[in-house]
Each structure stands twice: as structure tokens, then as C-alpha cells.
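What the coordinates show
Take a look at the letters that make up each chain.
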Amino acid sequence: MSVLTRNEAQTRAQLLDVHRYTVDLDLTTGDETFDSRTAIRFTAHTAGDTFVEIKPETLRSLSLDGQPLDPERLDDNRYPLDHLTPGTHELTVDATMHYSRTGEGMHRFTDPADGETYVYTQLFLDDVQRVFAAFDQPDLKSVFDLTVTAPTGWTVLGNGTTTRTTDGRWTIAPTPPISTYLVAIAAGPWHSVTTHHAGLPFGIHCRRSLAPHLDADADEILDITRSCYDRFHEKFDEPYPFDSYDQAFVPEFNAGAMENPGLVTFRDEFIYRSAVTDTERQTRAVVIAHEMAHMWFGDLVTLTWWDDIWLNESFAEYMGYQTLTEATCFTDTWTDFGVARKGWGYDAEVGPG
Ligand SMILES: [Zn+2]
């Protein structure tokens with residue numbers, strides 16, 4: 001696979017502005033693959049050559065400004081866009097994509113407890129191309145406008161509020177300009193607890209077989225969420241930039257959590273199934289606060305390239321501990337911070353700059 005270099009990303013960012021992705025996903029085509037249709041509106045500032053990334057099972061068709069392109073020209077994960085003329089263009093891509101079981105791209109999971117199936121995306125750091133065609137780099141931000149066809153009985157969650165239109169089709173409110181790695185959907189017969197806070201819909205979600213355990217902790221999770229949300233508003237001048245705040249506890253998640261705007265995903269081990277210590281509850285609360293900090297620092301304001309990920313993560317972690325201490329019943333978090341995090345910082349300090 002061709003891995004995007006920093007030089008390639010800089011060259012592409014100088015050539016292009018990306019305006020809008022209109023993405024149509026169909027999750028009803030079988031257990032192995034899903035359909036993905038994408039239209040990308042973008043402007044080329046000068047004449048030039050570039051490429052778009054996609055990792056399809058089958059690349060059915062493409063067109064540029066209405067003219068068909070040859071799908072056979074896909075080279076590994078790159079489709080070349082040669083001799084672009086200056087001006088605004090529309091690229092359409094129609095493909096069949098693989099579900100994954102590795103937590104990369106569109107992960108698909110069937111719950112052994114009840115046979116129910118769930119899918120969710122994890123697109124950090126360069127896996128959007130496993131779901132739809134994209135100029136996959138963090139500084140080419142765009143509006144994302146997604147529509148999802150899902151099986152009957154499923155709920156579709158996305159970065160924006162979702163609406164079920166006709167049977168099985170869901171529209172997701174278009175995002176403000178965000179990076180490709182931050183697009184998210186989660187679909188399945190979720191068990192959900194929803195509420196409103198500060199005029200926005202808030203929700204927490206898990207697979208159905210964990211419903212009693214989520215319900216047992218729903219008040220605690222939502223109280224922490226509301227308290228941190230209010231405290232961040234006191235600290236940051238900028239209001240929360242998105243239209244909803246969903247937190248989905250998803251199965252077989254590789255990381256602790258992911259700060260998708262408006263749809264944070266957490267490993268569902270955070271839905272505790274037996275008695276846990278206060279420290280474990282505090283750890284979950286820190287992660288909730290950390291991911292919420294990213295809504296501003298990471299999602300609204302985003303690194304240009306991955307060499308600044310240290311700042312993104314360090315600031316979210318610091319804000320997470322600080323905000324939790326200020327706003328919730330977890331008032332002794334700095335001890336944990338000193339034990340769990342400070343040593344990392346010292347180690348990083350003495351490393352190469
Ligand atoms: Zn983080």
C-alpha cells in the first residue's frame with residue numbers, strides 16, 4: 001500500500017481545496033461487503049496531477065465532471081487524477097467495500113450473546129479510504145454529507161443528527177468542515193439512553209446485550225458528560241461546534257476511545273459488567289472528559305500533519321483531568337495523573353526533539 005508522505009500531503013494541499021463529500025453507503029448488501037458511492041466537489045488552484053485514495057473490493061465506476069474514468073487505472077490504493085484543469089470539479093466514485101474485523105475502516109461485529117449485528121467506523125489515521133473515496137489527509141477539511149441505508153430495526157448514528165427518511169434510509173446532518181479521519185458512523189440495533197442538554201441532543205449507546213449494565217450507569221455517565229460540557233463552555237470562548245453529542249460504547253474496539261465530532265466511540269469494556277473500583281470509574285470519567293476536550297482541540301482546530309499529534313493528545317489529557325477535577329465528584333484526579341501520566345511526559349522530554 002502507498003503510504004502518504006508529508007511532502008505528498010503538502011503538495012496536494014497546495015493544489016486543492018475540498019468543499020463537500022456527498023456519500024451514500026448501503027449496509028444491506030450482505031455480510032462481507034457494503035456499497036459506497038461518493039461525490040467529491042473540490043477546486044484545483046492550478047493545473048496539475050494528483051490522486052484520490054480508495055481501498056475497494058471492487059471499483060465499479062468513476063467519473064470526473066461527468067466524463068467516465070477507467071477503474072482499471074487504480075494503482076494500489078491511489079486513483080490518479082491527471083491533468084486537472086484549474087477550477088471546480090466533481091469526482092464520483094462507485095465501489096464495493098470490505099467490512100473489517102480488525103477495527104480498521106468499517107468494523108462489523110455479530111454479538112454471540114444474541115446474534116445481533118453492529119457496524120461502526122474507525123477512520124483514524126488513514127482508514128477513511130476503506131469506507132469511501134477521499135483525499136485522505138488531515139488538512140484537507142470538508143463538509144461531509146452522508147446517507148446510509150441500513151437494515152430494518154437498526155439505528156444509524158453519525159457526526160450530525162440523523163433522520164430516518166423512508167424505510168431503511170438515514171440522512172445525517174452535514175458536518176461543518178472536518179478532517180477525513182474524523183468522519184464516523186455507527187449502525188445497529190443499539191440500546192440507547194437519550195436526553196437533551198444545553199439545547200442539544202445527547203445520547204449514550206451500546207449493544208443490546210449490555211443494556212442492563214449501561215442502564216445501571218447511565219445517570220453517572222450522563223452526569224459526567226453534562227458537567228464536563230458545561231465546564232468546557234466556561235473555559236473556552238468558542239461554543240461547542242457540532243449539533244449533537246453521542247457516545248457509543250462499541251464492541252471489539254482497538255483503542256480506548258475516539259474523538260469523532262458528535263459521535264465519540266468508546267471500547268465497550270467501559271460498560272462495566274461487574275463491581276469495579278472507584279479508580280476504574282474515574283478512568284472512564286477521564287476518558288469521557290478527554291474525548292470531549294477534543295471536540296474543540298483536535299476536531300474544530302486540527303493538526304496539519306501527524307507530527308503534532310503529541311500536542312493534540314497531551315492537551316486533551318490535561319484538559320480531561322483538569323475539567324474532571326473542577327466539575328465532577330472525581331476531585332482527586334491529579335494523584336492518578338502523577339502516577340499514570342507524568343512519567344510519560346518526562347520520558348518524552350528527554351527524547352529527541
Ligand atoms: Zn485523545
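All values derive from a computational prediction rather than experimental measurement. (Residues numbered from 1 in each chain as written. Predicted model: local features only at pLDDT ≥ 70, side-chain atom pairs only at ≥ 80, totals over all residues. Heavy atoms only, no water.)

1. Details of the packing of helix α4 (residues 309-327) against helix α5 (residues 333-340)
At a closest axis distance of 9 Å, the pairing of α4 and α5 adopts a crossing angle of 160°. In this view, α4 runs roughly antiparallel relative to α5, as classed from their interaxial angle. Touching Y318, Y321, Q322, L324 and T325 of α4 are T333, W334, D336, F337 and A340, all from α5. Within the contact of α4 with α5, the residues separate by chemical class into six nonpolar, three polar and one charged. (Axes fitted to C-alpha atoms, helices over the stretch in contact; angles between N-to-C directions. Helix = DSSP H or I, 4+ residues; strand = E, 2+ residues; numbered from the N terminus. Parallel < 35°, antiparallel > 145°, perpendicular 65-115°, else oblique. Contact = heavy atoms within 4.5 Å. Nonpolar A, V, L, I, M, F, W, Y, C, P; charged D, E, K, R; others polar.)

2. Focus: helix α3 (residues 278-296)
Over its 19 residues, α3 extends 28 Å from the first C-alpha to the last, a length consistent with the 27 Å expected when each residue adds 1.5 Å. Burial of α3 is extensive: 14 of the 19 residues sit out of reach of the surface. Positioned one or two residues after α3, G298 has a phi angle of 135°, which is positive. (Expected span 1.5 Å × (residues − 1). Buried < 20%, exposed > 50% of the residue type's maximum accessible area, 1.4 Å probe, protein only.)

3. Focus: the sheet that holds strand β13 (residues 169-172)
One open sheet holds the eight strands; their spatial order is β5-β4-β7-β2-β1-β10-β13-β12, and the pairing between them is mixed. Of all the strands in the sheet, just β5 (67-69) and β12 (162-164) have a single pairing partner and so form its edges. Across the sheet, the mean angle separating the axes of adjacent strands is 20° when strand polarity is ignored. Against the sheet, helix α1 (residues 6-15) engages β1 (16-26) and β2 (33-44), with an angle of about 100° to β1. (Pairing = 2+ DSSP bridges.)

4. Describing the coordination of the zinc ion
Summarising the metal site, the zinc ion is bound by the protein donors H290 (NE2), H294 (NE2) and E313 (OE), whose distances to it range over 2.0 Å. In terms of primary sequence, the donors binding the zinc ion are separated according to H-x3-H-x18-E. Residue H290 and its partner H294 are located together in helix α3, separated by four residues, close to a single helical turn. The exposure class assigned to H290 is buried, which follows from its relative accessible area of 8%. Taking the relative accessible area as the measure of exposure, H294 reaches 0% and is therefore buried. (Donors = N, O, S within 2.8 Å, 3.2 Å for Na, K, Ca; no water.)

Taken by themselves, the reported measurements are silent on function.
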